[in-house]
Amino acid sequence: MTPNNHDHLRAIVTSLLEQPKGIFAIDESIESCNKRFALLGIPETVEKRRDYRELLVTVPEIEQYVSGYIMHDETIRQSTTDGWRFADVLHDKGIHIGIKVDTGLMPFADSSIEQITNGLDGLGDRLIEYRDVFGASFTKWRALIHIGENIPTDACLLENANRLAQYAKIVQEHDMVPIIEPEVLMTGNHTIQQCYDVTARNLKILMTALHEHGVYLGGVILKTSMVIDGSECSVQSDIDTVAHMTMKCLQEYVSPDIGGIVFLSGGQDTNESAQHLNRMSQLYPNLSWELTFSYGRGIQDSALHHFAKYPEDRAGIQDLVMVWARADSLASIGKLPE
Ligand code: 13P
């Protein structure tokens with residue numbers, strides 16, 4: 001790492017986490033985007049994905065609530081129907097351009113469930129292109145952690161943590177800010193306590209790996225899942241419990257030196273993910289780090305449903321994006337009406 005790029009990294013982090021803003025994730029892989037399109041009967045074509053992303057990128061005034069967009073490789077190369085590169089549209093609004101740089105998942109060892117994330121090969125060259133050709137200032141890498149019988153194993157957590165740390169180090173060496181996203185999946189019937197235990201174990205291992213790889217913590221954003229019951233758990237905890245358990249876990253296991261923390265929505269509905277963030281902001285106003293959202297589905301869900309039914313209603317689709325971006329922005333400062 002250039003020893004003197006800490007101020008540069010810190011400035012990007014500060015600008016991304018400036019209140020009352022958060023980060024908009026529109027970086028679903030082609031497969032994930034197609035899956036969501038297929039469920040709603042939207043054609044799974046490159047042009048439909050471009051058309052939909054054009055709507056997301058061109059929402060008027062969204063820069064009041066959103067400081068950065070995370071894009072997929074396909075999207076960062078696309079343009080509006082008028083021929084403006086998406087990257088330039090965002091740049092013009094003063095929005096940071098982020099890029100997902102992991103290249104997907106593969107099975108861990110001989111496990112039929114556990115997975116590790118690929119993408120370190122050729123990462124440096126790809127970063128140079130994203131930074132110099134598209135003006136990207138931050139990146140994202142997602143590791144997926146499954147809760148189940150005897151999983152996650154320490155070995156899988158460690159492999160994912162080492163890859164996240166190696167990725168973060170390389171990104172910082174290229175003067176960009178890495179978002180590290182170890183997502184503990186909501187899928188399953190586990191309890192909130194099991195989620196707490198797994199999240200805690202994982203964060204402990206991850207913090208050690210970041211330290212061992214010499215990653216500059218002030219120039220990293222942690223993107224985490226909340227501590228929450230599995231989606232098939234028979235008991236679902238209330239908002240206060242989720243807020244308290246999530247904050248207890250983060251305060252205990254995340255270094256106070258990390259640049260900031262953002263949440264993924266992870267399959268919670270739009271209202272739930274906003275209310276949870278709102279309660280955390282209200283109950284924990286004086287944290288060591290800024291806390292905000294980096295939602296994908298948490299912002300897009302209603303807009304995507306509207307796009308499926310009324311693709312010609314451009315303003316209506318964009319209004320729905322604004323409704324949830326604004327709600328999440330209010331939630332990030334604890335001002336969302338309940
Ligand atoms: P969700 O908020 O839908 O979990 O998405 C976060 C994300 O980073 C998508 O790639």
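Please read all numbers here as calculations on a predicted model, not as lab measurements.

A few words now on the overall build of the protein. Check the secondary structure of the protein and you find 12 helices and 10 strands. Taking 338 residues into account, the globule formula puts the C-alpha radius of gyration at 20 Å, and the protein, at 19 Å, falls close to it. Once the C-alpha set of the protein is aligned to its principal axes, its extents read approximately 50 × 50 × 45 Å. Burial status across the protein gives 57% buried among its 338 residues. The long-range share in the protein, meaning contacts at least 24 apart out of those at least 6 apart in sequence, stands at 80%. Placing the 28 positive and 47 negative side-chain charges of the protein at their respective mean positions leaves the two points 1 Å apart.

Here we have eight strands laid out as an open sheet, ordered 1-2-3-6-7-8-9-10, and parallel in their pairing. Strands at the two margins of the open sheet, each flanked by one partner only, are strand 1 (22-26) and strand 10 (290-293). On average, adjacent strands in this sheet sit at an angle of 25 degrees to one another, irrespective of strand direction. Relative to strand 7 (residues 177-184), strand 6 (residues 138-145) runs parallel, the two sharing eight bridges.

Let us now look at the pairing of strand 3 (residues 96-100). One face of the sheet, then the other: side chains in a regular strand alternate in exactly this way. Where burial is concerned, most of strand 3 is hidden: five out of the five residues are buried. In the sheet, strand 2 (residues 66-71) pairs with strand 3 via four bridges, with the strands oriented parallel. Each bridged residue has a counterpart across the sheet, and for I70 the counterpart in strand 3 is G98. Sheet topology note: the strand 3/strand 6 ladder contains three bridges and is parallel. Counterpart to K100 in the pairing with strand 6 is K140.

Criteria and cut-off values
- Residues numbered from 1 in each chain as written.
- Predicted model: local features only at pLDDT ≥ 70, side-chain atom pairs only at ≥ 80, totals over all residues.
- Heavy atoms only, no water.
- Helix = DSSP H or I, 4+ residues; strand = E, 2+ residues; numbered from the N terminus.
- Rg over C-alpha atoms; globule rule 2.2 N^0.38 Å.
- Buried < 20%, exposed > 50% of the residue type's maximum accessible area, 1.4 Å probe, protein only.
- Contact = heavy atoms within 4.5 Å.
- Lys, Arg positive; Asp, Glu negative; His and termini not counted.
- Charge placed at Lys NZ, Arg CZ, Asp CG, Glu CD.
- Pairing = 2+ DSSP bridges.
- Axes fitted to C-alpha atoms, helices over the stretch in contact; angles between N-to-C directions.

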